[in-house]
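Okay, here's what each chain looks like letter by letter:
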Amino acid sequence: MSEDFDPEHVAPQAIRKLTPGKLVIASHNQGKVREIAELLGPHGVEPISAGALGLPEPEETGTTFIANAELKALAAADLSGLPALSDDSGLCVEALRGEPGIFSARWAGSDKDFTVAMRRVWDQILAQGPGAGHDAHFVCALALAWPDGHVEAFEGRVDGRIVWPPRGDKGFGYDPIFVPYGHDVTFAEMDPAAKHAMSHRADAFRQLVAAVF
Ligand SMILES: O=c1nc[nH]c2c1ncn2[C@H]1C[C@H](O)[C@@H](COP(=O)(O)OP(=O)(O)OP(=O)(O)O)O1
Ligand SMILES: [Mg+2]
């Protein structure tokens, strides 16, 4: 091994393993915190939410899901002194050229009203004219950061279609208008376990678990 060998710049062996202990869930969205805690259940870590630690909600200045996930995880790891896991996610509608995308939370406004955001998605699809397709996908970027600034990121996806009117009261966000391909029910009509078996978050989680546990 040469003297200037730097393990941080060797992929993929550079992936750092997460050891059992406290893990900050760097999200202020209770729906996500609940899903992430459920997905982490079998992996021997003790989740603590950013809200419970009184951490601020960072401004999402990135232009990609990965960039926003990394900045949220790094901020929480730095402030807490603990490893932190963040999630940046959103709904991308093909007929809207990927919108709302990274702006999915912002479409719900400062009072986080997803009735308004879902209506806006539907109205904008209709505004494209009768030929507009309803295809859409959710993306989830997960970033795991350490207080020394090391960070790993993983991106997952699930494809489906937008339906109207909204259906179901489980889940959160845009779940009532999203039906994954191969299914007839929305994410908000499914049991959490069924959503966890196929969601964008579960896809990203499988990659994270394979890499860092
Ligand atoms: O499984 C999902 N089912 C339905 N809607 C979803 C899902 N996953 C993301 N979404 C939508 C709603 C959410 O508000 C936005 C993410 O925005 P995003 O900035 O990543 O999260 P956020 O501001 O709600 O919480 P935080 O940044 O503190 O983690 O995309
Ligand atoms: Mg956010």
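Residues numbered from 1 in each chain as written. Chains lettered and ligands numbered in written order. Predicted model: local features only at pLDDT ≥ 70, side-chain atom pairs only at ≥ 80, totals over all residues.

- Going by what an unreviewed UniProt entry lists, the chain is known as dITP/XTP pyrophosphatase and is assigned to Sphingobium subterraneum.
- UniProt's Subunit (unreviewed entry) comment on the chain is quoted here verbatim: "Homodimer."
- We quote the UniProt Sequence similarities (unreviewed entry) comment for the chain here in full: "Belongs to the HAM1 NTPase family." (UniProt positions renumbered as here; feature names shortened; annotations may be inferred.)

**Looking at the environment of Glu70**
Thought 1: Locating Glu70 in the fold gives a position in helix 2 (residues 65-80).
Thought 2: Of the residues examined, Glu70 has 21 C-beta atoms within 10 Å and is grouped as buried.
Thought 3: Taking the C-alpha atoms as reference, Glu70 lies 18 Å from Arg157; in sequence the two are 87 residues apart.
Thought 4: Sequence-distant contacts of Glu70, that is, excluding residues within four places in its chain, are made with Ala143, Val151 and Ala153. (Helix = DSSP H or I, 4+ residues; strand = E, 2+ residues; numbered from the N terminus. Buried ≥ 20, exposed ≤ 12 C-beta atoms within 10 Å, placed from the backbone. Contact = placed C-beta atoms within 7 Å.)

**Some points on the nonpolar core**
Thought 1: The biggest cluster of nonpolar side chains holds 51 residues, and the ones touching the most others in it are Ala73, Ala76, Leu85, Ala141 and Leu142.
Thought 2: Elements supplying a minimum of two residues to this core: strand 1 (21-25), helix 1 (30-40), helix 2, strand 3 (84-93), helix 3 (114-127), strand 4 (135-145), strand 5 (151-162) and helix 5 (200-212). (Core = buried A, V, L, I, M, F, W, Y, C linked by C-beta atoms within 7 Å.)

**Re the confidence of the model for the chain**
Regions with low pLDDT carry predicted coordinates that are not meant to be interpreted in detail.
Thought 1: Here the chain averages 94 in pLDDT, and 94% of its residues register 70 or above.
Thought 2: This prediction of the complex comes with two scores: 0.93 for pTM and 0.99 for ipTM. (pLDDT = per-residue confidence, 0-100.)

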